[in-house]
Amino acid sequence: MTLHRREWGAGQPVIAMHPLGLESSAFEAFGLALARRGMRTIAVDLPGFGQSPAPGAPLTSAEMAAPVIALARELEMPPVVLGISMGGRVALEAALAAQEAFRAVIPIAPYLPWLRFRFLLEAARLVDPRMAGWMPLEKVWPALHWLARGFEAIPYLHDDQLAQAGARLVYYFACPATRTSFISAAREMALDPPYGPHGLWTRLPGLAVPAAFVWGERDGLVSLRFSGAVARACPQARQLLLPCVAHWVNGPHHRCLAEAVAALVESLVGEMPDETPARHPSGVEFLVRRCTASEAGHGG
């Protein structure tokens, strides 16, 4: 499958993958920040989202990672692969499945298989992606478009391309194919096995490429507690904590996320030493970046 993509800059390639339901336009700030550092960002629409067609199979992390691996192997040099939320899980899957194809991996607030309360996720087996056809939202697409434009126009989100892409999801739901892909991917994430031959937590200790996990201290969706499990499974990985960042609505703090990730990519690619990690009250050692939006007078 050929993935639709947007590109910024030139140099060391970086493949960027979006959260559930979004598409590649979410990475404009990342692309510009990396371009200033002499890197080329290739933001892709994952299968079934944006302008990339669905594969006709359940949207597991492995299914979505396959064309990303193919893209990486076509490039002139191994890329860094990064992703946010669902995209972070796909980035990990790609790096685990084809370690020789990537220079480094950066999961940002990644979805990771739950280690507790898994019985709550078993209900996802009852979900059929074809139920998207039961919701004829295409009949009210003008109203959805109006809502999406209204959310995009919120002043707080003016420079937050990630949140604006999320606002456009309201309009994208008018497309039955997008709804089907959304339900399929959400179902497969819920059922993502933690252990076993295909389980992430079983395979994560074998991750050989340089890795850096990024967490937002204000993230109310992906728990910071996962950082402890990551530290135990993959102790060689760096972990970066951004105190001012939430999961996807960050307003001016989206710049903090983009600039911090760009600096992290530069550090991994250039094998530059980081500052000494600080121990968090949770017991995990994090690299910590300051809030640049507040310093610029844009804190909210």
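Structural data are supplied above this passage.
Criteria and thresholds
- Residues numbered from 1 in each chain as written.
- Predicted model: local features only at pLDDT ≥ 70, side-chain atom pairs only at ≥ 80, totals over all residues.
- Heavy atoms only, no water.
- Axes fitted to C-alpha atoms, helices over the stretch in contact; angles between N-to-C directions.
- Helix = DSSP H or I, 4+ residues; strand = E, 2+ residues; numbered from the N terminus.
- Parallel < 35°, antiparallel > 145°, perpendicular 65-115°, else oblique.
- Left-handed = near helix turned anticlockwise from the far one by under 90°.
- Contact = heavy atoms within 4.5 Å.
- Nonpolar A, V, L, I, M, F, W, Y, C, P; charged D, E, K, R; others polar.
- Buried < 20%, exposed > 50% of the residue type's maximum accessible area, 1.4 Å probe, protein only.
- Salt bridge = Lys/Arg side-chain N within 4 Å of Asp/Glu carboxyl O.

Novice: Would you take a moment to explain the packing of helix H1 (residues 28-35) against helix H9 (residues 254-270) for this structure?
Specialist: To describe two helices that pack against each other, one gives the angle between their axes and the distance between the axes. Interhelical geometry of H1 versus H9 gives an angle of 45° and a closest axis separation of 9 Å. When the interaxial angle is binned, H1 and H9 end up oblique. Of the two possible hands of crossing, H1 and H9 adopt the one that is right-handed. Contacts from Ala 29, Phe 30, Ala 33 and Leu 34 in H1 reach His 254, Leu 257, Ala 258, Glu 259, Val 261, Ala 262 and Val 265 in H9. Among the residues forming the contact of H1 with H9, the class breakdown is nine nonpolar, one polar and one charged.

Novice: Just checking my understanding: could you explain unusual backbone geometry for this structure?
Specialist: When glycine is set aside, most residues are seen to have a negative phi, and most peptide bonds are trans. Although it is not a glycine, Ser 85 adopts a positive phi angle of roughly 55°. On the basis of relative accessible area, Ser 85 is assigned to the buried category, the value being 11%. One non-glycine residue with positive phi stands out, namely Ala 109, at about 40°. Residue Ala 109 is classed as buried on the basis of its relative accessible area, which comes to 5%.

Novice: Can you walk me through the pattern of salt bridges in this structure?
Specialist: In a structure, side chains of opposite charge can pair up when their charged atoms sit close to one another. Under the criterion given, the structure shown has 19 salt bridges. For Glu 7, the salt bridge goes to Arg 40, with nearest N and O atoms at 2.9 Å. Here Arg 40 lies in strand E3 (residues 39-44) and Glu 7 lies in strand E1 (residues 5-8), a separation of 33 residues in the sequence. Taking the relative accessible area as the measure of exposure, Arg 40 reaches 15% and is therefore buried. Across the pair Arg 37 and Glu 259 runs a salt bridge, and its minimum N-O distance is 3.2 Å. Taken together, the residues span a long stretch of sequence, with Arg 37 in the loop between H1 and E3 and Glu 259 in helix H9 at a distance of 222 residues. One network of salt bridges, with partners in common, ties together Arg 5, Glu 7, Arg 40 and Glu 76.

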